[in-house]
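Breakdown of the fold
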Amino acid sequence: MLWSLVKILAFVIAVMAATYGATMLMDMEGSVEFDLFDMNGTLSVLQLVIAAIVVVALVWLTFKLIGLAVATFKFLNGDETAISRYFSRNRERKGYEALSEGMMALASGEGRLAMAKANRAEKFLERPELTNLLTAQAAELAGDRKTAEQTYRKLLEDEKTRFVGVRGIMKQKLQDGDTDTALALAEKAFAIKPKHVETQDTLLRLQAEKEDWQGARQTLTAKLKTGQLPRDVHKRRDAVLALSEAKSVFEEGQSIEAREAAIEANRLSPDLVPAAVLAAQTYIEQDNKRAAARVIKKAWEVTPHPDLAAAFAAIVPDEDAAARLKRFKPLTKLKPAHPETKMLMAELHIAAEDFPEARRDIAELVAESPTARNLTLMAAVERGEGSADAVVRGWLAKALTASRGPQWICDSCQHIHPAWEPVCSNCSSFDTLTWRNAPEGEVSMPAGAEMLPLIVGQIEAPKDDVSVDVVDAEVVEEKQ
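Residues numbered from 1 in each chain as written. Predicted model: local features only at pLDDT ≥ 70, side-chain atom pairs only at ≥ 80, totals over all residues. Heavy atoms only, no water.

1. Brief notes about the nonpolar core
Formed by 50 residues in total, the largest nonpolar core has its most connected members in I296, L308 and F328. In terms of residues, this core owes the most to one element, helix α13 (residues 273-285), which gives eight residues. Excluding residues within four positions of it along the chain, L308 makes contact with V273, A276, V277, I296, A299, W300 and T303. (Core = buried A, V, L, I, M, F, W, Y, C linked by side-chain atoms within 4.5 Å. Buried < 20%, exposed > 50% of the residue type's maximum accessible area, 1.4 Å probe, protein only. Helix = DSSP H or I, 4+ residues; strand = E, 2+ residues; numbered from the N terminus. Contact = heavy atoms within 4.5 Å.)

So this is what it looks like as structure tokens:
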């Protein structure tokens, strides 16, 4: 407000000064006679001053008109002038407005409108590196795959936009299921921008799907070097890749390479159950039983697992039940309270025909965390102790509807796998399988439930049709 007051005062002062000057000029005596082009006359001092101002204005206007004429001539001649710059700025303004509107339309899901705005922006800007990407994405949104691919191919012609073009075509090939072409394009994109996280992940996933384990390990190392992967995660995933490589070498029959790869996988991640099992098998083949036992014990301390117990049993395959029970003691002492340890002890005691001890091993599990496996073991205990067939059938009936227990489950899609795999067979995610309980409603028989048909096969068929409810009632009566 103060500044407005200052401007008003300045205007008033200027008007007063002009009025005062005009008054002084009018009061001045004297005149000027002129004779110009047969024109003569007399001017007062005030008139002379006004005439001088008019002449100066006419001269200034004349120079401006001459400059405008020269600029117009240069514009028509193709030279850069103020006029051409004006029109260029106007076109640029319209082009960026169209580009902005196209981006807003793309974000709003209006593919056709975004394509129209992209074409308008290209008309004004003539900068394909800006408009082609918008056109390609808008065409994909509108379902025009052909236009999108053609536009992505145009981006390949410019070194600045080549990566965007390769990435766009790669994503199209992935959607089409053409993983071979997508892998080749991912390798090209990775060569252009090795630090691009999405490209690294896509390339790693495709290499794992194609079982290119060496290439996948190189990509994984690149992720570590660029700081895109924590060192502990890299170590774990490198172990997974090394394990997968070892398995493929085993299948090819290259024993020495397979042994080295298996031991390397276990060294990188001792807690990886499949790697520990494979390394143990390698040591067993080398008749290095102590090393095999050490590998299994180290993995058991982290994650007790049935496969580890099976591998530990394979160290001395022909021992009797009592000797096996004694040999397993150091292993089971590592995690005595773990459910897997308790079920393992129950199996060992059942094999040794020590059924009371087996019952003590799993009684708490059956009561608090019943699963198909421990209920099946309890049925075996009842059978071994000579309980009635109805009691055995009662436990088996409960096992059929109980939780399946821990299984290999994908953390991304929750798909259940019968065995560990480096890549999920359902969603193709890499290193997402973990040994855990399945969500409710999932059904898959665990490894320990293969005892079920063996037990049922030893039971004579009932004379009368006994329902599950009756069996459960009989079990309660027997327990009482």
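That covers the picture; the talk isn't over yet.
2. Digging into a positive patch on the surface
A surface patch of positive charge is lined by K235, R290, R294 and K298. Along the polypeptide, R294 turns up in helix α14 (residues 289-302). (Patch = residues over 30% accessible without salt bridge, like charges linked within 9 Å, V, L, I, M, F, W, Y side chains within 5 Å. Areas by Shrake-Rupley, 256 points an atom, 1.4 Å probe, with all protein chains shown as cover. Salt bridge = Lys/Arg side-chain N within 4 Å of Asp/Glu carboxyl O. Lys, Arg positive; Asp, Glu negative; His and termini not counted. Charge placed at Lys NZ, Arg CZ, Asp CG, Glu CD.)

3. As for the pattern of salt bridges
For the structure shown, the criterion picks out 21 salt bridges. In this structure, the salt-bridge partner of R167 is E198, at a minimum N-O distance of 2.6 Å. With R167 in helix α7 (residues 162-176) and E198 in helix α9 (residues 197-209), this pair connects stretches of sequence that are 31 residues apart. Here R167 falls in the partly exposed class, since its relative accessible area comes to 23%. One network of salt bridges, in which partners are shared, links R236, R237 and D431.

4. Brief notes about the environment of P418
Within the secondary structure layout, P418 lies in the loop between β4 (416-417) and β5 (433-437). Judged by relative accessible area, P418 falls into the exposed class, the value being 79%. Taking the C-alpha atoms as reference points, P418 and Q407, eleven residues apart in sequence, are found 7.5 Å from one another.

5. Points about a nonpolar patch on the surface
A cluster of nonpolar side chains, contributed by L2, W3, L5, V6, L9 and I13, occupies part of the molecular surface with about 670 Å² of accessible area. Note on L9: relative accessible area 48%, which makes it partly exposed.

6. Quick notes on the sheet that holds β4
In space, the three strands of this open sheet follow the order β4-β3-β5, with antiparallel pairing throughout. Taken across any chain shown, the strands that pair with only one partner, and hence form the sheet edges, are β4 and β5. Strand direction decides the pairing type here: strand β3 (residues 406-410) and β4, joined by two bridges, are antiparallel. Of the residues in β4, the one forming a bridge with I409 is I416. (Pairing = 2+ DSSP bridges.)

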